[in-house]
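Structural overview for review
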Amino acid sequence: MHRHNPVALHAAIFPYLHLIGRPLITSAQMKHLSNFDEWSHDLLDQFNFIGTYNLFYNASLLVKAGAGIALTYEHLIDTAGENRLVFRPLNPELTEPNTLIWNKSRRLPNVSQLFLDTLKNLI
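Residues numbered from 1 in each chain as written. Predicted model: local features only at pLDDT ≥ 70, side-chain atom pairs only at ≥ 80, totals over all residues. Heavy atoms only, no water.

Section: the layout of surface pockets
Once rolled over the atoms, a probe with the size of a water molecule shows which space is left empty. Here the largest pocket defines a volume of roughly 880 Å³. Here the lining of the largest pocket takes 3 residues from helix 3 (residues 56-64), the largest share from any one element. Classifying every residue of the lining of the largest pocket by side-chain character gives 20 nonpolar, 10 polar and 5 charged. (1 Å grid on protein atoms, 1.4 Å probe; cavity = no way out; pocket = protein on both sides within 12 Å on 5 of 7 lines; lining within 4 Å. Points joined across faces, edges and corners; volume = space filled by probe spheres on them. Helix = DSSP H or I, 4+ residues; strand = E, 2+ residues; numbered from the N terminus. Nonpolar A, V, L, I, M, F, W, Y, C, P; charged D, E, K, R; others polar.)

Quick look at the structure:
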């Protein structure tokens, strides 16, 4: 969210306190996930979704312009220093599993293989 948004004063975002009535921008997939509805305690109909995004960078431009609050993963965009954006975690925490797939019978480029090896070591 924009650092001057009143919600940015809070350390964490609660659905019933901070999101009802506010303009929200979310990923196209998130709005349709049942766990998002469960997380919000069935408040989904009270949220004001003004748009969706496929690439968070595009949503960040709208947020910088003050159009709304974007719901996203942390660290997808720089929020340090003079940046006008800040990140606040959701409370309770909302998690969504991610899946990484690749064709095992095809040789990966060196960078892709390094990424995959690093990810395997971390998991």
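Re the nonpolar core
Judged by nonpolar contacts, the single largest core of 16 residues is most densely connected at Met1, Leu19, Leu24, Phe36, Phe47 and Phe49. Dropping the residues within four chain positions of it, Leu24 is found in contact with Leu19, Phe47, Asn48, Phe49, Ile50, Gly51 and Ile69. (Core = buried A, V, L, I, M, F, W, Y, C linked by side-chain atoms within 4.5 Å. Buried < 20%, exposed > 50% of the residue type's maximum accessible area, 1.4 Å probe, protein only. Contact = heavy atoms within 4.5 Å.)

A short note on the side chain of His2
Inspection of the secondary structure assignment puts His2 in the segment before helix 1 (15-19). Discounting residues that sit within four places of it in the chain, His2 has contacts with Ala8, Val63, Lys64, Arg84, Leu85 and Val86.

Some words on unusual backbone geometry
The omega angle of the peptide bond from Asn91 to Pro92 is 0°, so this bond is cis rather than trans. Along the polypeptide, Pro92 turns up in the loop between strand 3 (69-70) and helix 4 (110-122). At His41, a residue that is not glycine, the phi angle is positive and equals roughly 60°. Relative to the helices and strands, His41 is located in the loop between helix 2 (34-39) and strand 2 (48-53).

Focus on the confidence of the model for the protein
For any part of a model where pLDDT is low, the fine detail of the predicted coordinates should not be relied upon. On average, residues of the protein score 90 in pLDDT, and 98% of them reach the 70 mark or higher. Within the protein, the element-level pLDDT minimum falls on helix 2, averaging 81, and the maximum on strand 3, averaging 96. (pLDDT = per-residue confidence, 0-100.)

So, the sheet that holds strand 2
Reading across from one edge, 2-1-3 is the order of the 3 strands in this open sheet, with parallel pairing throughout. Looking at strand neighbours, the two that pair on one side only are strand 2 and strand 3, the edges of this open sheet. Bridging between strand 1 (residues 23-27) and strand 2 involves 5 bridges; their strand directions are parallel. Within strand 2, the residue paired with Ile25 across the bridge is Gly51. (Pairing = 2+ DSSP bridges.)

Here's the deal with the side chain of Ser60
You can see Ser60 is positioned in helix 3. One polar contact links the side chain of Ser60 to the main-chain carbonyl oxygen of Tyr57, over a distance of 2.5 Å. Those residues in contact with Ser60 that sit more than four places away from it in its chain are Ile77 and Leu85. (Polar contact = N/O pair within 3.5 Å; in protein donor to acceptor, adjacent residues only side chain to side chain.)

Details of the packing of aromatic side chains
Considering all chains together, one arrives at 6 aromatic pairs under this definition. With a centroid separation of 6.1 Å and 80° between ring planes, the pair formed by Phe47 and Phe49 is classed as edge-to-face. For Phe47, a relative accessible area of 7% gives the class buried. Grouped by ring-pair contacts, the aromatic residues Phe36, Trp39, Phe47 and Phe49 constitute a single cluster. (Phe/Tyr/Trp six-rings, centres within 6.5 Å; stacked < 30°, edge-to-face > 60°.)

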